[in-house]
Amino acid sequence: CNNAAGAIARLDDMGIAPFLISSSVILACAQRLMRRICSSCKEPITYPPKMYDDLDIDHKMFDGVPLHKGRGCDRCKNTGYAGRAAIIEVMTVTDEIRKLVISRSSAMEISKVAIAQGMKTLRMAALDKAREGISTLEQVLVLTSSH
């Protein structure tokens, strides 16, 4: 599934009764593997405003936060990346979400409620990895542009 709420819709599509889904599922998640910046050639970078526009994020979100990229070296075979890090979207099935499941609400409606209740989306998790210097904004764009 593209997101955690999509897992609920997938179960419904498979013919599982909504009352069974709502009483059985306590958590749903979606995950992706994000490329890590190579620690051997990691260096600071300033991204152009277009990158923030492409990601549809406010560049102020990164004010005072040093962002990084990998220059490329022998260790990473000149890719600038070495290894992977998980980004995970975790949706706890609360009473309010159970009601939405029973009424066969769309994944989008369920996701909106989960976000309002504090769920971090894949995009939010990926942006956190960029802020922490683990990965790049390019990886955020690659992994979450269609989500």
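Residues numbered from 1 in each chain as written. Predicted model: local features only at pLDDT ≥ 70, side-chain atom pairs only at ≥ 80, totals over all residues. Heavy atoms only, no water.

## Some remarks on the packing of helix H6 (residues 122–131) against helix H7 (residues 137–144)
Point 1. At their nearest, the axes of H6 and H7 sit 9 Å apart, and the two run at 165° to each other. One way to sum up the angle between H6 and H7 is to call them roughly antiparallel. At the point where H6 passes H7, the crossing takes the right-handed sense. Contact residues: Leu122, Arg123, Ala126, Leu127 and Ala130 in H6; Leu137, Val140 and Thr144 in H7.
Point 2. Partitioning the contact of H6 with H7 into residue classes produces six nonpolar, one polar and one charged. (Axes fitted to C-alpha atoms, helices over the stretch in contact; angles between N-to-C directions. Helix = DSSP H or I, 4+ residues; strand = E, 2+ residues; numbered from the N terminus. Parallel < 35°, antiparallel > 145°, perpendicular 65-115°, else oblique. Left-handed = near helix turned anticlockwise from the far one by under 90°. Contact = heavy atoms within 4.5 Å. Nonpolar A, V, L, I, M, F, W, Y, C, P; charged D, E, K, R; others polar.)

## Considerations on the nonpolar core
Point 1. If you look at the biggest cluster of nonpolar residues, it comprises 18 residues, and the most contacted ones within it are Tyr52, Phe62, Ile87, Leu137 and Val140.
Point 2. Put simply, the parts of the chain that give this core at least two residues each are strand S1 (27–37), helix H3 (49–55), H6 and H7.
Point 3. Of the residues forming this core, the biggest block, five residues, is contributed by H6.
Point 4. Ranked by size, the runner-up nonpolar core spans 16 residues in total, among them Ala5, Ile97, Val101 and Val113. (Core = buried A, V, L, I, M, F, W, Y, C linked by side-chain atoms within 4.5 Å. Buried < 20%, exposed > 50% of the residue type's maximum accessible area, 1.4 Å probe, protein only.)

## Overview of the pattern of salt bridges
Point 1. Here the structure, examined in full by the defined rule, presents six salt bridges.
Point 2. As a salt-bridge pair, Lys120 and Asp128 come within 2.3 Å of each other at their nearest N and O atoms.
Point 3. Given the relative accessible area of 44%, Lys120 is considered partly exposed.
Point 4. Residues participating in the shared-partner salt-bridge network are Glu43, Lys69 and Arg71. (Salt bridge = Lys/Arg side-chain N within 4 Å of Asp/Glu carboxyl O.)

## Points about the packing of aromatic side chains
Point 1. On inspection of all chains with the given rule, the structure shows one aromatic pair.
Point 2. Their ring planes at 45° and their centres at 5.9 Å tell us that Tyr52 and Phe62 sit as a pair that is tilted. Of this pair, Tyr52 sits in helix H3 while Phe62 sits in the loop between H3 and strand S3 (67–70), placing them ten residues apart in sequence.
Point 3. The exposure class of Phe62 is buried, given its relative accessible area of 4%.
Point 4. Across the ring face of Phe62, the terminal group of Arg131 is positioned such that the distance to the ring centre comes to 5.4 Å. (Phe/Tyr/Trp six-rings, centres within 6.5 Å; stacked < 30°, edge-to-face > 60°. Lys NZ or Arg CZ within 6 Å of the ring centre and 35° of its normal.)

## What to know about the packing of helix H4 (residues 95–102) against helix H5 (residues 107–116)
Point 1. Direction vectors running N to C along H4 and H5 enclose 175°, while the axes themselves pass 10 Å from each other. The orientation of H4 relative to H5 falls into the category roughly antiparallel. Counting all contacts with H4, which are made through Glu96, Ile97, Leu100 and Val101, the residues of H5 involved are Glu109, Ile110, Val113 and Ala114.
Point 2. In terms of residue class, the contact of H4 with H5 is made up of six nonpolar, no polar and two charged.

## Concerning H5
Point 1. Among all positions of H5, only Ala107, Ile110, Ser111, Val113 and Ala114 are buried. All buried residues of H5 lie within an arc of 165° about the axis, which places them on one face of the element. Looking at H5, the residues exposed on the side facing more than 90 degrees away from the buried face are Met108, Lys112 and Ala116.
Point 2. In the core, the buried residues of H5 are packed alongside helix H1 (4–13), strand S4 (81–92) and H4.
Point 3. Backbone geometry just downstream of H5 places Gly118 in the positive-phi region, at approximately 110°. (Arc of directions from axis to C-beta.)

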